[in-house]
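Summary of the model geometry
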Amino acid sequence: KVLAYNKGVTQVLNLKGVTEQSVNGVYLLDDNMVDGGVAINQSSSNVIVGWQLADKLQVFSGDTLLLISPSNIEQALTQLSLPLSRKVTITGVFSSKNNEYDDGYIFCSLKDAQYLFGYKNNFQGYDIKLDNIDNSNRIKKVLQTQLDKNNFSVNTWYDYHQELYAVMQVERWT
């Protein structure tokens, strides 16, 4: 999570650092743009925001935001230094038709995310898109057997959104 600041408005949001390939290969953002376009690369500080978030922050393509990392805020306060931050340009606004993503996600280059989170050349995880969602539990089990459980956790979209599925199940019954 990071803080996004624009003209007196501050929002806490989820930041996803992505590569040029994953922008469309995993997240399909190019197909879901409602303003601007996808222009995320490792040599520029560009971002793509969800349309509900863009509305809250009162921004459009071409506007700038200040992203502030909470990862070293405690250190910044105790040592009277500035937290890690980056001024970014919004190149596009997307609509995924998923309120959680449209309201709370911003996509940037992997390089910018690594800087803001203090990861240097490391990263926190992988997102994998499957051709068939019905294979997700089987793939999860395979990955769990292949990866060291002390260093890796494997989760599906369902694992992260169990409450949503529960609500959908109740709606089916009514």
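Details of the structure are given in the entry above.
Residues numbered from 1 in each chain as written. Predicted model: local features only at pLDDT ≥ 70, side-chain atom pairs only at ≥ 80, totals over all residues. Heavy atoms only, no water.

Some points on the pairing of strand S6 (residues 85–94)
- Judged from the three bridges that link them, strand S3 (residues 33–36) and S6 form a sheet pairing that is antiparallel. Within the sheet, the bridge partner assigned to Gly36 lies in S6 and is Gly92.
- Two elements, strand S4 (residues 46–50) and S6, share five bridges in a ladder whose sense is parallel. Looking across to S6, one finds that Gly50 is bridged to Phe94. (Pairing = 2+ DSSP bridges. Helix = DSSP H or I, 4+ residues; strand = E, 2+ residues; numbered from the N terminus.)

What about the pattern of salt bridges?
- Using the criterion set out here, one finds three salt bridges in the structure.
- The shortest N-O distance in the salt bridge between Lys56 and Asp103 comes to 2.7 Å. Taken as a pair, Lys56 in helix H2 (residues 51–57) and Asp103 in helix H4 (residues 99–104) lie far apart in primary sequence, 47 residues in all.
- Residues Asp112 and Arg86 are paired through a salt bridge, measuring 2.5 Å at the closest nitrogen-oxygen approach. Here Arg86 lies in strand S6 and Asp112 lies in helix H5 (residues 110–117), a separation of 26 residues in the sequence.
- Assessed through its relative accessible area of 1%, Asp112 is described here as buried.
- Judged by relative accessible area, which is 21%, Arg86 ranks as partly exposed. (Salt bridge = Lys/Arg side-chain N within 4 Å of Asp/Glu carboxyl O. Buried < 20%, exposed > 50% of the residue type's maximum accessible area, 1.4 Å probe, protein only.)

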